[in-house]
Amino acid sequence: MVLLLVPGLTQAASILQASASVDDGVYSVSVDTRIGAPVATVMHTLTDYTHLTRINPDILESRILQVFNPARHRVRTLIRACILIFCRDVEQVQDVERLDDMHVVADIVPELSDFKSGTAEWKLHRLQEKTVLQFTARVEPDFWVPPIIGAWLFRRKIVSEMLVAASWMETEAAAVSRP
């Protein structure tokens, strides 16, 4: 009950839809999340490439390797990927482009990453003072993944990470809105 009195904590992010599949070593995921934060806050958080560690505790490091133009960057992340008892530090380099105020796309650079291929897309939609974030991704790891790591576990991990990130964005939005 006390938590209901704390500004920002009543917004509680929620997953609207989540699906995942694995086909011949290629993992695909789609997650729609309602976030109690304005679109501008969500977009700023997604494109603050040097501070991605704030929104996901599994990201150990994030930095910009190259700026192609104000909307397109090459970004490196080092991620501690754990599902069940299987953990691995994974390097991912992506060419990320902010297409507009509501849409970001990223392509993995395989020769600089621990992935053979991959793409991701973030689409934002206004829902009154909230945001619906539609996230889709397709990745093909260039390392051994235990066969037990199926679509269900992959989906569960992504959903968990999305909720953590959304909660952080809501806290940021609440801090900005306080006088």
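All values derive from a computational prediction rather than experimental measurement.

Here we look at the overall build of the chain
No. 1: In terms of helices and strands, the chain carries two helices and eight strands.
No. 2: Overall, the chain shows an N-to-C arrangement of helices and strands of β-β-α-β-β-β-β-β-β-α.
No. 3: Taken over the C-alpha trace, the chain has a radius of gyration of 16 Å; the compact-globule value for 179 residues is 16 Å, and the two agree within 12%.
No. 4: The principal-axis extent of the C-alpha atoms belonging to the chain is close to 50 × 40 × 25 Å.
No. 5: Expressed as a percentage of the 179 residues in the chain, the buried residues total 41%.

Describing the environment of Val96
No. 1: Tracing the backbone shows Val96 in strand β5 (residues 86–100).
No. 2: Looking at Val96, the relative accessible area reads 4%, which means it is buried.
No. 3: Apart from residues lying up to four places away in sequence, Val96 is in contact with Tyr49, Ala71, Arg72, His73, Val75, Val104, Val105 and Ala106.

Here we look at the pairing of strand β7 (residues 115–127)
Within a regular strand, side chains alternate between the sheet's two faces.
No. 1: Both strand β6 (residues 103–108) and β7 contribute to a ladder of five bridges, which runs antiparallel. Bridge pairing in β7 places Val105 opposite Glu121.
No. 2: Pairing of β7 with strand β8 (residues 130–141) involves twelve bridges; the strand directions are antiparallel. Across the sheet, residue Arg126 finds its bridge partner in β8, namely Thr131.
No. 3: Hairpin connection between β7 and β8: a loop of two residues separates the two successive antiparallel strands, and Gln128 in this loop has a positive phi of roughly 55 degrees.

Focus on the packing of aromatic side chains
No. 1: Counted under the stated rule, the structure contains three aromatic pairs.
No. 2: Between the aromatic rings of Trp122 and Phe135, the centroid separation amounts to 5.4 Å while the plane-to-plane angle is 45 degrees, which identifies the pairing as tilted. With Trp122 in strand β7 and Phe135 in strand β8, the pair connects residues that are 13 residues apart, well separated along the chain. The residues Trp122 and Phe135 share a single accessibility class, namely buried.

Conventions and cut-offs
Residue numbers restart at each chain and count upward from 1, following the sequence in its written direction. In keeping with the predicted nature of the model, local features appear solely for residues at pLDDT of at least 70, side-chain atom pairs appear and are counted solely at 80 or more, and the whole-chain, interface and lining totals rest on all residues. Heavy atoms from the whole structure form the basis of all side-chain values; hydrogens and water molecules are not counted. Segments assigned H or I by DSSP are reported as helices when at least four residues long, segments assigned E as strands when at least two residues long, and all are numbered from the N terminus. Between the two quantities, the radius of gyration covers C-alpha atoms and the globule rule is 2.2 Å times the number of residues to the power 0.38. Only protein chains enter the accessibility calculation, which uses a 1.4 Å probe; a residue whose area is less than 20% of its type maximum is buried, one above 50% is exposed, and one in between is partly exposed. What makes two residues a contact is simply this: any of their non-hydrogen atoms within 4.5 Å. Here, strands pair whenever DSSP counts at least two bridges between them. The pairing test for Phe, Tyr and Trp rings, Trp by its six-membered ring, is centres within 6.5 Å, and the orientation test on the planes gives stacked under 30 degrees, edge-to-face over 60, and tilted for anything in between.

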